[in-house]
Amino acid sequence: MAAAAGEERRKTACVTGGNGYIASLLIKMLLEKGYVVKTTVRHPEDKEANSHLEDLKKLGTLEVFRADLAEEGSYDAAVAGCDYAFLLAAPVNYTSKNPEKELIELGVQGTLNVLRSCVKAGTVKRVVLTSSTAAVSSRPLEGDGHVLDEESFSDVEYLSAKRTGLWAYPVSKVLMEKASSRFAAEHGMSLVTLCPSVTVGEALDRQVYTTVPAILSLLSGDEAELKVLKGIERASGSVPLVHVRDVCRAEICAAEAEAVAGRYICNGLDTTILETARFLAAKYPHYSVNTVTSGDVLAKPVALLPSRKLEKEGFEFKFRTLEHIYDDMVEYGKALGILPN
Ligand SMILES: NC(=O)c1ccc[n+]([C@@H]2O[C@H](COP(=O)([O-])OP(=O)(O)OC[C@H]3O[C@@H](n4cnc5c(N)ncnc54)[C@H](OP(=O)(O)O)[C@@H]3O)[C@@H](O)[C@H]2O)c1
């Protein structure tokens, strides 16, 4: 229905992967800003996994569509008529037995699949693609004092030859970014890529499989998750952290600010396991945080990931210290069952 005279048409945004950790909070913020939101999930019939989306419907107009990255044309209906598309659905199955197919091929082809739907829609003014600092910093770095910027890409050849740790995730993100940039250039599409660092903080999702358990491992004592955290520190040359609220605010800035273009690192703080352990031990003395180094952790970050380009666009981070970043994490960890109540 056409908007009545004097009545402004509300902006419409599609957020893919609506039951994800970052996407669910982004949907909430967009609804609070008055956007009409269309989102996608793989299993709309799963009432429990999607219950937070039902709750969000109370905040505004939210439509939920079924879509799968592996199915060509699957996103057409969700993207139709949208002004903005936020691409957050992505395979994040780090421990896949077939990472070439399930992480890399699906990550690249699935993203192109959504971009084709955006072209078909003909209404999308900007696409915001969520990559990761994993696509920036996973490369051999000799010595310390490295300051990486948006020109830096993780080394696909090096990672593919080594095939250790979470190698396929950065490879999938670099190849997905490069294929998307080529596609956008060929189709005259306005594409902005956001590279958040390790994202932490309370979100709506109550079933989190992301790096939240790894970040809480110093408090929970979960050795397997601490191993993941050590893998992140080794691969990145630091533990780069950003609060999920800042990520969602940056996503919206990347869509709305007209001059924004290209790739943006979104990182609130560069820390290390050791620094974090010392902070947590002092702040939460009733948890037995191990601050004794076993030699396999960094004494200080060897690589920094400043977000200068994003800040030059006028973006201000709200969470820049461990104190702020961990503020809601302990309560969130309890709600998720990662930490004891
Ligand atoms: N969390 C972080 O620390 C972090 C940091 C930097 C970048 N990122 C990136 O941010 C994006 C969102 O991550 P997140 O942390 O919010 O992860 P998440 O909670 O695991 O969300 C991933 C989403 O992708 C969907 N998905 C997976 N495979 C799919 C497929 N074949 N078809 C359609 N949807 C599929 C999942 O849907 P189901 O619920 O159906 O499985 C889920 O909604 C990802 O691109 C991730 O790489 C995350």
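Up top is the structure these notes are about.
Residues numbered from 1 in each chain as written. Predicted model: local features only at pLDDT ≥ 70, side-chain atom pairs only at ≥ 80, totals over all residues. Heavy atoms only, no water.

A. Main features of the overall build of the chain. Each helix and strand counted, the chain has 15 helices and 12 strands in total. Radius of gyration (C-alpha) of the chain: 20 Å, near the 20 Å computed for a compact globule of 341 residues. Its C-alpha atoms put the chain at 65 × 45 × 40 Å along the principal axes. For the chain, buried positions account for 52% of its 341 residues. Working note: accessible area of the chain is about 15700 Å², and carbon and sulfur atoms make up 51% of it. Here the chain carries 39 positive and 46 negative side-chain charges, and the mean point of each set is 1 Å from the other. (Helix = DSSP H or I, 4+ residues; strand = E, 2+ residues; numbered from the N terminus. Rg over C-alpha atoms; globule rule 2.2 N^0.38 Å. Buried < 20%, exposed > 50% of the residue type's maximum accessible area, 1.4 Å probe, protein only. Areas by Shrake-Rupley, 256 points an atom, 1.4 Å probe, with all protein chains shown as cover. Lys, Arg positive; Asp, Glu negative; His and termini not counted. Charge placed at Lys NZ, Arg CZ, Asp CG, Glu CD.)

B. Representation of the pattern of salt bridges. All chains considered together, the criterion is met by 18 salt bridges. Here lysine 33 makes a salt bridge to glutamate 256, at a shortest N to O gap of 3.4 Å. Taken together, the positions of lysine 33 in the loop between helix H1 (21-32) and strand S2 (36-41) and glutamate 256 in helix H11 (residues 244-256) put the pair 223 residues apart, joining distant regions of the chain. Taking relative accessible area as the criterion, glutamate 256 reaches 28% and is therefore assigned partly exposed. Residue glutamate 54 pairs with lysine 57 through a salt bridge whose shortest N-O separation is 3.1 Å. Residue class for lysine 57 comes out partly exposed when judged on its relative accessible area of 34%. Taken together, the salt bridges that share partners define one network made up of Lys11, Lys33 and Glu256. (Salt bridge = Lys/Arg side-chain N within 4 Å of Asp/Glu carboxyl O.)

C. Region of the structure containing helix H4 (residues 99-121). In this model H4 runs 31 Å from its N-terminal to its C-terminal C-alpha over 23 residues, within 8% of the 33 Å that 1.5 Å per residue would give. Along H4, the largest kink reaches about 40° and is centred on leucine 106. Positioned one or two residues after H4, glycine 122 has a phi angle of 70°, which is positive. (Expected span 1.5 Å × (residues − 1). Bend = angle between axes of the 7 residues up to and from the residue.)

D. Geometry of the pairing of strand S7 (residues 191-196). Across the six residues that make up S7, a large majority, six, are buried. Along S7, one buried face is formed by Leu191, Thr193 and Cys195 and the opposite face, lined by Val192, Leu194 and Pro196, is buried too. In this structure, strand S5 (residues 126-130) lies alongside S7, joined through four bridges in parallel fashion. The partner of valine 128 across the bridge, within S7, is valine 192. (Pairing = 2+ DSSP bridges.)

E. How the structure looks around the sheet that holds strand S11 (residues 269-271). Read across the sheet, three strands follow the order S8-S9-S11 without closing on themselves; strand pairing throughout is mixed. Among the strands making up the open sheet, the edge pair consists of strand S8 (198-200) and S11. Ignoring which end each strand starts from, the neighbouring axes of this sheet average 40° apart. Examined bridge by bridge, strand S9 (residues 239-243) and S11 share three bridges and lie antiparallel to one another. The residue of S11 that forms the bridge with leucine 241 is leucine 269. (Axes fitted to C-alpha atoms, helices over the stretch in contact; angles between N-to-C directions.)

F. Region of the structure containing unusual backbone geometry. The backbone of arginine 163 sits at a positive phi, close to 50°, despite the residue not being glycine. Relative to the elements of secondary structure, arginine 163 occurs in the loop between helix H6 (156-162) and helix H7 (168-187).

G. Structural context of the site of the ligand. Taken together, 27 residues lie around the ligand, and Asn19, Tyr21, Arg42, Tyr169 and Lys173 are the ones closest in. Within the side chain of arginine 42, an N or O atom sits 2.6 Å from an oxygen atom of the ligand. Aspartate 68 is positioned with one of its side-chain polar atoms (N or O) 3.3 Å from a nitrogen atom of the ligand. Look at the ligand: alone it shows 900 Å² of surface, and the protein chains cover 88% of it. The residue makeup of the shell around the ligand, split by class, is 14 nonpolar, 10 polar and three charged. (Near = heavy atom within 4 Å. Polar contact = N/O pair within 3.5 Å; in protein donor to acceptor, adjacent residues only side chain to side chain. Nonpolar A, V, L, I, M, F, W, Y, C, P; charged D, E, K, R; others polar.)

H. Representation of the environment of lysine 300. Along the chain, the position of lysine 300 falls in the loop between helix H12 (273-283) and strand S12 (303-304). Assessed through its relative accessible area of 48%, lysine 300 is described here as partly exposed. Residues lysine 300 and glutamate 63, spaced 237 residues apart in sequence, show a C-alpha to C-alpha distance of 46 Å. Within the structure, lysine 300 has its side chain in polar contact with the side chain of aspartate 144 (distance 3.4 Å).

I. Spotlight on the environment of aspartate 246. For aspartate 246, the location among the structural elements is in helix H11. In this structure, the C-alpha to C-alpha distance between aspartate 246 and arginine 234, residues 12 residues apart in sequence, is 25 Å. Excluding anything up to four places from it in sequence, aspartate 246 contacts Cys266, Phe315, Glu316, Phe317, Lys318 and Phe319. A polar side-chain atom of aspartate 246 sits 2.9 Å from the main-chain amide nitrogen of phenylalanine 319. (Contact = heavy atoms within 4.5 Å.)

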